Amino acid sequence: MDALKRLKAHGFLDWLRRYVPTGNAGMRGPQVKQTSNAYRLMLPPQVERGMTPPPPEDDSDRRQAAAEEGRVMIARLPLDEQPGQLIDDPGLAAILARIGRAIMDQERDSERQNESSQS
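Residues numbered from 1 in each chain as written. Predicted model: local features only at pLDDT ≥ 70, side-chain atom pairs only at ≥ 80, totals over all residues. Heavy atoms only, no water.

What to know about the overall build of the chain
Condition: In this text, helices come from DSSP runs of H or I with a minimum length of four residues, and strands from runs of E with a minimum of two, each type numbered from the N-terminal end. Two things to know: the radius of gyration comes from C-alpha atoms, and the globule rule equals 2.2 Å times the number of residues to the power 0.38. Each residue is assigned to one of three classes by its accessible area relative to the maximum for its type, calculated with a 1.4 Å probe on protein chains only: buried under 20%, partly exposed between the two thresholds, exposed over 50%. By definition, residues are in contact when any of their heavy atoms lie within 4.5 Å. Each accessible area is a Shrake-Rupley result for a 1.4 Å probe, and residues are judged covered by the shown protein chains and nothing else. Positive charges come from Lys and Arg, negative ones from Asp and Glu, while His and the chain ends are left out of the count. Note on charges: their place is set at NZ of Lys, CZ of Arg, CG of Asp or CD of Glu.
Each helix and strand in the chain was counted, giving five helices and four strands. The helix and strand sequence of the chain, counted from the amino end, reads α-β-β-β-β-α-α-α-α. Here the chain has a C-alpha radius of gyration of 35 Å; the compact-globule value for 119 residues is 14 Å, and the former is much larger. Counting only C-alpha atoms, the chain reaches 115 × 40 × 20 Å along its principal axes. Counting over 119 residues, the chain shows a buried share of 8%. When contacts within the chain are restricted to residue pairs at least 6 apart in sequence, those whose partners lie at least 24 apart make up 32%. As displayed, the chain offers around 10100 Å² of accessible surface, 55% of which is attributable to carbon and sulfur atoms. Considering the chain, the positive charge centre built from 17 side chains and the negative charge centre built from 18 side chains are found 23 Å apart.

This is the structure we're talking about:
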């Protein structure tokens with residue numbers, strides 16, 4: 001019985017005590033008696049989590065390569081488009097996009113001044 005208690009304590013087993021009428025209706029004494037228990041086998045959540053196989057190593061490499069490719073693609077976007085791809089908060093992304101536009105405008109103005117001073 002100790003083994004059953006330990007299995008129940010660790011979440012592998014549960015049971016339900018079942019009773020049947022004794023037929024002693026109207027008499028003194030118990031009206032029901034215990035019959036066989038009903039048992040249920042289970043896998044505790046912590047065991048189920050441990051049973052999930054890890055992804056194959058090549059899948060991990062593929063995900064890393066895809067993530068790096070995504071970072072490179074975002075880095076190639078204009079500064080005012082990058083926040084929309086990186087930031088989930090639309091308000092913050094809009095503010096950062098305006099800053100990016102201002103930086104791009106400043107760089108463009110600076111290039112124009114350099115070109116006009118060289119002419």
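Right, picking up where we left off after that structure.
So, a nonpolar patch on the surface
The condition that has to hold: Patch definition: residues with relative accessible area over 30% and no salt bridge; like charges joined within 9 Å; nonpolar side chains (Val, Leu, Ile, Met, Phe, Trp, Tyr) joined within 5 Å. By salt bridge we mean one thing: a side-chain nitrogen of Lys or Arg within 4 Å of a carboxyl oxygen of Asp or Glu.
On the surface, a nonpolar cluster with roughly 440 Å² of combined accessible area is contributed by Leu-79, Leu-92, Ile-95, Leu-96, Ile-99 and Ile-103. Residue classification places Ile-95 among the partly exposed residues on the basis of a relative accessible area of 40%.

With respect to the pairing of strand β1 (residues 13-16)
Rules: Paired strands, as defined in this entry, are two strands with at least two bridges between them according to DSSP.
Only one face of β1 is buried: it carries Leu-13 and Trp-15, and the other face, with Asp-14 and Leu-16, is open. In the sheet, β1 pairs with strand β4 (residues 38-41) via four bridges, with the strands oriented antiparallel. By the bridge assignment for β4, Trp-15 is matched with Tyr-39.

As for helix α5 (residues 90-118)
To be explicit about the condition: Any helix carries an expected span of 1.5 Å times its number of residues minus one.
If you check α5, its first and last C-alpha atoms are 42 Å apart, about what 29 residues at 1.5 Å a residue would give, namely 42 Å. Taken residue by residue, α5 has Ala-93, Ala-97 and Gly-100 as its buried positions. Considering only its buried residues, α5 is in contact with α4 (82-86).

Comments concerning the packing of aromatic side chains
For clarity, the cut-off: Between the rings of Phe, Tyr and Trp (Trp by its six-membered ring), a pair exists once the centres lie within 6.5 Å; its type follows the angle of the planes, with under 30 degrees stacked, over 60 edge-to-face, and the other angles tilted. In this scheme, Lys NZ or Arg CZ marks a charge over a ring once it lies within 6 Å of the ring centre and within 35 degrees of the ring normal.
With the rule as written, the count across this model stands at one aromatic pair. For Lys-8, the ring lying beneath its charged end belongs to Trp-15, and the centroid distance is 4.6 Å.

A short note on the pattern of salt bridges
Going through the model one piece at a time under the given rule, you end up with seven salt bridges. Arg-63 is the partner of Asp-59 in a salt bridge, and the nearest nitrogen-oxygen pair spans 3.1 Å. In this pair, Asp-59 and Arg-63 both sit in helix α3 (residues 57-76), four residues apart, roughly one turn of the helix. Of the charged contacts in the structure, one is a salt bridge between Asp-80 and Arg-101, with a shortest N-O distance of 3.4 Å. Taken together, the residues Asp-80 in the loop between α3 and α4 and Arg-101 in helix α5 connect sequence positions 21 residues apart. Salt bridges sharing common partners tie together Lys-8, Asp-14 and Arg-40.

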